[in-house]
Each structure stands twice: as structure tokens, then as C-alpha cells.
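What the coordinates show
One-letter residues, chain by chain:
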Amino acid sequence: MDATQKPFDIRYSLCALLGFLIAMLGNPLASQAATYYTATTGSDGNSCMQAMNPASPKRTIFGTNSEGGIDCLTKGGDVLIVKDGVYNEACDNCTNYNGTSWSNAITVRAENKWGAVITGTANRAALYFFGGPRGYIEFDGLKIDPGDDGSNGSYGVWIPSQGSTHHLRLKNMWLTN
């Protein structure tokens, strides 16, 4: 071996092999489910990456223009924790994403059972699912209270029969009116 040749180093081969496997199989960390936070004191200007920290949550659950916390839920297993407070907003076809099974559902969960209240807005149900397809979505521990008898057009939950929403679970919910 002359002075310009370097001895074979197994580290180079292992790094090359690892790089090849990640390129072929994808980054396993990139597909892990994530938890995001929403609070009435938050900001929809926070990115989804920031909303993974309870100290920098999104402001709204559903938001407008794809800014709410639910828009961070892009794959099965993702969870949105909704902190206590009153959310005067409505879910109009809540999410464009689906879970893949009940063990890998998209979940919107109150931090404290019934501490997060969704009121809906005039002429909108608090939770409204139409179109789709949307499936394996779970809402857990929220209180749905449109605050009236439906005469102003707001309702608690509306799932029209002609939509293609499937596998929707309302768990530990308090539904009024």
C-alpha cells in the first residue's frame, strides 16, 4: 500500500448502507404520529411544528384558511389536545385527512373532559361532516353546546346521510341542544 491509499474503513461502508436504507425505506421518524395543542390563548400564526409544544399552541381548533390545530393532523395516529376554554367556531368538514383504523385514528381530545366547549357559529353545526371521504376520526371529551334550540341555524353535530364520512367516533362527549 502506498502513502496515497487509505486502509479500508468499515465506517464508510456502514454509513453508505444506512444512507441507502433510509433512501429506500424512508425515514422511520418522519412517519411517527405527533401531538399538537390548541388553546384560547394560542395563535393560529404558530406553525404546526410550534404547536407540538404546549407552550405555543394554535388558537383555534378548526380555524380558517387551513390555520387551525386540526389542520396539523395529517396522518393516522396524530392527536390534537384542546385546552379548556370556549371555542366559538364550527367544524365544516373538519379535516381532509383520515386515520387508517381505530388503533391509528386522527383524534381531537379535550385536555380535561368537557373543559373544552365548542359552540358552533350561526348557521353552522359545531361538528359538520359532509362530502369526504373522511374516516377513522375520533372526538374525545369535548362539550358541544350551540347555546340555543337550533332556531338560529346552529346545531351540535350534523352528519348528512348523503355524505361519505365513515368511522366517526364521538367518545366521552357532552352534546346539548
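Worth saying up front: this structure is predicted, and the values here are computed from it rather than measured.

Basis of the calculations
- Residues numbered from 1 in each chain as written.
- Predicted model: local features only at pLDDT ≥ 70, side-chain atom pairs only at ≥ 80, totals over all residues.
- Heavy atoms only, no water.
- Salt bridge = Lys/Arg side-chain N within 4 Å of Asp/Glu carboxyl O.
- Buried < 20%, exposed > 50% of the residue type's maximum accessible area, 1.4 Å probe, protein only.
- Helix = DSSP H or I, 4+ residues; strand = E, 2+ residues; numbered from the N terminus.
- Phe/Tyr/Trp six-rings, centres within 6.5 Å; stacked < 30°, edge-to-face > 60°.
- Lys NZ or Arg CZ within 6 Å of the ring centre and 35° of its normal.
- pLDDT = per-residue confidence, 0-100.
- Pairing = 2+ DSSP bridges.

Here the focus is the pattern of salt bridges. As enumerated under the stated definition, the model contains four salt bridges in all. Two residues, D78 and K75, come together in a salt bridge whose shortest N-O distance is 3.6 Å. For D78, a relative accessible area of 0% corresponds to the buried category. In this structure, D140 engages R109 in a salt bridge whose closest nitrogen and oxygen atoms are separated by 3.5 Å. With D140 in strand β8 (residues 134-140) and R109 in strand β5 (residues 106-110), the pair connects residues that are 31 residues apart, well separated along the chain. Classification of D140 as buried rests on a relative accessible area of 10%. R109 sits in the partly exposed class, given a relative accessible area of 30%.

This paragraph deals with the packing of aromatic side chains. Going through the model one piece at a time under the given rule, you end up with two aromatic pairs. An angle of 80° between the planes, with centres 5.3 Å apart, marks the rings of W102 and Y136 as edge-to-face. Here W102, found in the loop between β4 (91-92) and β5, pairs with Y136, found in strand β8; they are 34 residues apart in sequence, far enough to count as distant. A centroid spacing of 5.3 Å and a plane angle of 65° characterise the contact between W114 and W174, whose relative ring orientation is edge-to-face. You can see W114 sitting in the loop between β5 and β6 (116-118) and its partner W174 sitting in strand β12 (residues 174-175), a full 60 residues away along the chain. It is K143 that lies over the ring of W174; its NZ or CZ is 3.9 Å from the centre. Sitting above the plane of the W102 ring, R169 keeps its charged end 3.8 Å from the centroid.

A word on the confidence of the model for the protein. Predicted confidence across the protein gives a mean pLDDT of 80, with 71% of residues reaching 70 or more. Mean pLDDT in the protein bottoms out at helix α1 (residues 10-25), which sits at 51, and peaks at strand β1 (residues 35-38), which reaches 98.

Now for the sheet that holds strand β7 (residues 127-128). One open sheet holds the three strands; their spatial order is β4-β7-β10, and the pairing between them is parallel. The strands lining the two open edges of the sheet, one partner per strand, are β4 and β10 (157-158). In this sheet, β10 lies alongside β7 in parallel orientation, the contact comprising two bridges. For Y128, the partnering residue across the bridge sits in β10 and is W158.

Before going further, it helps to examine the sheet that holds β6. In a beta sheet, neighbouring strands are held together by backbone hydrogen bonds and run either parallel or antiparallel to one another. In spatial order, the strands read β3-β6-β9-β12; together these four strands make up an open sheet with parallel pairing. Strand pairing shows two members of the sheet lacking a second neighbour, β3 (85-87) and β12, which therefore form its edges. Where β6 and strand β9 (residues 143-144) come together, two bridges link them in parallel fashion. By the bridge assignment, V117 is partnered in β9 with K143.

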